[in-house]
Amino acid sequence: MVRENEIRPSEMAVEPPPATDAGLVFIGRIYSPWTSRLKAPRQGRQDGPLCRIEIFDPWVPALDGIGRFERLEVLYWLHLSRRDLVRQSPANDGSARGTFALRSPVRPNPIGTSVVSLVEVDGPVLLVRGLDCLDGTPLLDLKPDRTLFTPIAPPQPGDFETGD
Ligand code: SAM
């Protein structure tokens, strides 16, 4: 893969089926210090640089209450990725692994996820640390970090099912 869309020895591309419209909408945009895939971190770090997430209208009211969470899960669309590799060679050393055994940006649906520290919420803008995506990356979703979130809705039977 993929430092910038090349294909390496031992990697395998397929002809993907035509994309179907899952009805995704980009709800905002991420502004980061990185303009090159070759320089962005491979994974964000909690003490990494501040990044800005801007939420588009009409989604701004959906931020209500988000400030109470110290950490968020951010889902984004790695829009420059190729989408056709099923085996990839991150080390470019002749060995390859399956795409689903990697966190590579190259995937059939190039969704990236990061857990970020929430630093500030100011209207439609969030300041966070912990991202690894390029400046201008489209935003798909924001959620409280699952380890900080307790469901507010009453429990339902499946919550108590175990095993078998
Ligand atoms: N943290 C996410 C995850 O694990 O799902 C993404 C990890 S991915 C290895 C991060 C790399 O994706 C960066 O180092 C950069 O090379 C690449 N990348 C970042 N933003 C991108 C974008 N908008 N389109 C394509 N590739 C991108």
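Quick caveat: nothing in here was measured; it's all calculated off a predicted structure. (Residues numbered from 1 in each chain as written. Predicted model: local features only at pLDDT ≥ 70, side-chain atom pairs only at ≥ 80, totals over all residues. Heavy atoms only, no water.)

Participant: Residues and numbers for the site of the ligand, please.
Facilitator: Among the 20 residues in the neighbourhood of the ligand, the closest are listed as R37, P41, Q43, R103 and D132. In the environment of the ligand, a nitrogen atom lies 3.1 Å from a nitrogen or oxygen atom belonging to the backbone of L80. Across the complex, the protein chains shield 94% of the 600 Å² of accessible surface that the ligand would expose by itself. With 3 residues, the top contributor of residues to the shell around the ligand is strand β7 (residues 111-122). Its residues placed into classes, the shell around the ligand shows 8 nonpolar, 7 polar and 5 charged. (Near = heavy atom within 4 Å. Polar contact = N/O pair within 3.5 Å; in protein donor to acceptor, adjacent residues only side chain to side chain. Areas by Shrake-Rupley, 256 points an atom, 1.4 Å probe, with all protein chains shown as cover. Helix = DSSP H or I, 4+ residues; strand = E, 2+ residues; numbered from the N terminus. Nonpolar A, V, L, I, M, F, W, Y, C, P; charged D, E, K, R; others polar.)

Participant: Please provide a residue-by-residue account of the pairing of strand β5 (residues 85-88), values included.
Facilitator: Note: strand β1 (residues 12-13) against β5, 2 bridges, orientation antiparallel. If you follow M12 over to β5, its bridge partner there is R87. Here β5 runs beside strand β6 (residues 97-98); their pairing, made up of 2 bridges, is antiparallel. Directly across from R87, in β6, lies its bridge partner G98. (Pairing = 2+ DSSP bridges.)

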